[in-house]
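Residue-level structural notes
In case you want the letters, here they are:
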Amino acid sequence: MMSSSLIGLKVALKKRLADKSKELVLLDQSQRQRYLEDFLVEFTRQERIILPDRTFKQFAEQVMNEIVGLGPLERLFSDPDISEIMINGHNEIYIEKRGRIQQCDFSFDHNDQLLYTIDKIIAPLGLHVDEANPMVDARLPDGSRVNVILPPVSLCGPTVTIRRFIGPTKILRELIANQTMTESEASYLKRAVVDKKNIIVSGGTSSGKTTMLNVLSSFIQIDERLITIEDTAELQLDQPHVVSLESRSANTEGEGEVTIRDLVRNALRMRPDRIIVGEVRGAEALDMLQAMNTGHEGSLTTAHANSCIDLIKRLEVMVMMSEVGLPLQPVREQITASIDLIMQMDRTKDGARKVVDIAEVGGLDDGRVVVRSIDLTHKKNVGTV
């Protein structure tokens with residue numbers, strides 16, 4: 001963290017540079033660095049301030065990042081191994097790197113600097129956040145997702161979560177290298193996707209469900225028409241024929257809401273080969289199951305659950321939340337007719353994400369859904385719900 005004397009020096013320097021920002025934007029990085037260093041040399045000479053060489057260069061870089069970039073976040077965005085950036089108030093920055101969460105040894109100087117950076121991130125998206133509208137969830141141009149929440153809703157100060165987009169091919173290599181999944185599991189799942197199995201990725205919060213959905217989606221053939229449905233678009237597909245749909249909250253008058261369920265129903269009229277839903281969490285589960293069971297094979301989605309068997313129980317509850325009012329037995333019949341595979345993700349105590357179970361949904365046994373865990377060494381555990 002920067003000392004109070006350097007913070008004061010930076011404030012004074014930025015005031016001097018306020019009318020130079022347009023010139024700096026037009027320069028490339030090396031030119032900006034030289035320009036700023038020359039400016040800083042003259043500034044420190046005039047103010048009779050002496051800085052060690054290393055401190056001088058670091059200070060010049062920080063000032064440049066704040067003026068034409070995103071301040072302390074610049075160095076994080078330049079690191080391709082960082083998958084998530086979490087800011088808990090101006091004085092705490094955490095990152096997830098190669099599946100591990102760690103705290104950065106630097107931070108923002110004060111809340112105003114953080115708020116200024118937030119505005120630089122979301123303003124180009126046509127968004128604004130303040131006390132009257134304290135929450136924003138949006139997608140950046142590179143496919144990354146940003147979530148912002150401000151006081152008084154956030155008690156620790158402005159909070160920012162940035163989930164960076166990493167291409168599916170690179171993700172798959174990293175998942176195997178990090179032992180999130182084995183090569184045999186990846187090969188099995190690829191065959192399942194190509195064979196148009198209906199798959200649900202299950203797991204807890206931040207267990208890697210969306211990441212895995214991206215990977216599974218990358219296995220789909222390029223000649224298929226895909227409809228993706230999400231609350232905030234995170235899926236990045238390489239296939240050429242993709243239609244992305246995004247839900248919408250109601251406006252201040254309580255009008256204009258478009259739910260995931262609305263989009264699932266509409267997608268059925270759009271001639272999809274496959275429907276990919278970011279997450280099912282309510283009555284839209286019934287529409288998703290019906291889509292899987294009415295010619296849209298190979299559909300993919302995610303849902304929150306602690307195990308494959310728990311997922312079946314959750315689906316039963318979600319389907320029964322719909323206004324259709326189906327009894328339990330027809331709901332179970334719909335589940336078994338629709339779902340082929342469940343893939344369970346988990347996050348271990350050290351922060352690593354793991355594929356802990358791949359299970360087949362194998363019909364009904366005495367009125368209960370049969371779930372068979374697949375061990376790729378050909379052993380199978382059978383459970384019923």
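Criteria and cut-off values
Residues numbered from 1 in each chain as written. Predicted model: local features only at pLDDT ≥ 70, side-chain atom pairs only at ≥ 80, totals over all residues. Heavy atoms only, no water. Pairing = 2+ DSSP bridges. Helix = DSSP H or I, 4+ residues; strand = E, 2+ residues; numbered from the N terminus. Axes fitted to C-alpha atoms, helices over the stretch in contact; angles between N-to-C directions. Contact = heavy atoms within 4.5 Å. Core = buried A, V, L, I, M, F, W, Y, C linked by side-chain atoms within 4.5 Å. Buried < 20%, exposed > 50% of the residue type's maximum accessible area, 1.4 Å probe, protein only. Polar contact = N/O pair within 3.5 Å; in protein donor to acceptor, adjacent residues only side chain to side chain. Parallel < 35°, antiparallel > 145°, perpendicular 65-115°, else oblique. Left-handed = near helix turned anticlockwise from the far one by under 90°. Nonpolar A, V, L, I, M, F, W, Y, C, P; charged D, E, K, R; others polar. Phe/Tyr/Trp six-rings, centres within 6.5 Å; stacked < 30°, edge-to-face > 60°. Lys NZ or Arg CZ within 6 Å of the ring centre and 35° of its normal. Salt bridge = Lys/Arg side-chain N within 4 Å of Asp/Glu carboxyl O.

Structural notes on the sheet that holds strand β3 (residues 100-103)
Taken in spatial order, the 6 strands line up as β3-β2-β1-β6-β5-β4 in an open sheet, and their pairing is antiparallel. The open sheet has two edge strands with one neighbour each: β3 and β4 (135-139). When strand polarity is set aside, the average angle formed by the axes of neighbouring strands in this sheet is 15°. Where β4 meets strand β5 (residues 145-149), 5 bridges bridge the pair, whose relative direction is antiparallel. Bridged to Ala-138 within β5 is Val-146. Helix α6 (residues 111-122) contacts β1 (82-88), β4, β5 and β6 (159-163) of the sheet and is inclined by roughly 40° relative to β6.

Overview of the nonpolar core
Counting 34 residues, the largest nonpolar core has Ile-229, Val-277, Leu-315 and Ile-339 as its most contacted members. Elements with a contribution of two residues or more to this core: β8 (226-230), α10 (260-267), β10 (274-277), α11 (284-292), α12 (308-320), α13 (328-338), β13 (353-365) and β14 (368-374). In this structure Val-277 touches Leu-213, Ile-229, Ile-260, Val-264, Met-288, Leu-300, Thr-301 and Thr-302, once residues within four positions along its chain are discounted. Within the second largest apolar cluster, 28 residues are counted, among which are Ile-171, Ile-199, Met-343 and Val-355.

Quick look at the side chain of Glu-96
Locating Glu-96 in the fold gives a position in strand β2 (residues 93-97). The buried category is assigned to Glu-96, whose relative accessible area is 5%. In terms of polar contacts, Glu-96 uses its side chain to reach the side chain of Arg-347, at 3.2 Å. Excluding residues within four positions of it along the chain, Glu-96 makes contact with Asp-81, Ile-82, Ser-83, Glu-84, Met-86, Ile-101, Arg-347 and Arg-353.

A closer look at the packing of α11 against α13
At a minimum axis separation of 8 Å, α11 and α13 run at an interaxial angle of 50°. The angle between α11 and α13 places the two elements in the oblique class. Note that α11 runs across α13; the crossing there is left-handed. In this structure, α11 uses Leu-289, Gln-290 and Met-292 to contact α13, whose residues at the interface are Gln-334, Ile-335 and Ser-338. Broken down by class, the residue content of the contact of α11 with α13 amounts to 3 nonpolar, 3 polar and no charged.

Topic: the pairing of β1
In terms of burial, β1 is a largely internal element, 6 of the 7 residues being buried. Where β1 and β2 come together, 5 bridges link them in antiparallel fashion. Looking across to β2, one finds that Ile-87 is bridged to Ile-93. With 5 bridges joining them, β1 and β6 adopt antiparallel strand pairing. In the sheet register, Asn-88 faces β6, and the bridge partner there is Thr-159.

What to know about helix α9 (residues 209-218)
For α9, a buried count of 7 out of 10 residues is recorded, marking the element as mostly surrounded by other parts of the structure. When α9 is considered as a whole, its buried residues turn out to be Lys-209, Met-212, Leu-213, Asn-214, Val-215, Leu-216 and Ser-217.

Quick word on the side chain of Ser-247
Mapping Ser-247 onto the fold places it in the loop between β9 (242-246) and α10. Looking at Ser-247, its side chain comes within polar contact range of the side chain of Asp-231, at 2.7 Å. Those residues in contact with Ser-247 that sit more than four places away from it in its chain are Glu-230, Asp-231, Val-258, Thr-259, Ile-260 and Leu-263.

Describing the packing of aromatic side chains
Counting across every chain of the model gives 0 aromatic pairs. Above the face of the Phe-106 ring, Arg-75 is positioned so that its terminal group lies 3.9 Å from the ring centre.

Topic: the packing of α12 against α13
Between α12 and α13, the least distance of the axes is 10 Å, while the angle of their chain directions is 120°. In terms of orientation, α12 lies oblique with respect to α13. Along this stretch, α12 crosses α13, giving a crossing that reads as right-handed. Packed against α12, whose contacting residues are Ile-312, Leu-315, Glu-316, Val-319 and Met-320, the element α13 presents Leu-328, Val-331, Arg-332 and Ile-335 at the interface.

Here we look at the pattern of salt bridges
By the definition in use, this model includes 13 salt bridges. Note that Arg-353 and Glu-96 form a salt bridge whose closest N and O atoms lie 2.5 Å from each other. A residue pair is termed long-range when its members are at least 10 positions apart, and Arg-353 in strand β13 and Glu-96 in strand β2 qualify at 257 residues. Each member of the pair, Arg-353 as well as Glu-96, carries the same accessibility label: buried. A salt bridge links Glu-224 to Arg-274, with the shortest nitrogen-to-oxygen separation between them at 2.8 Å.

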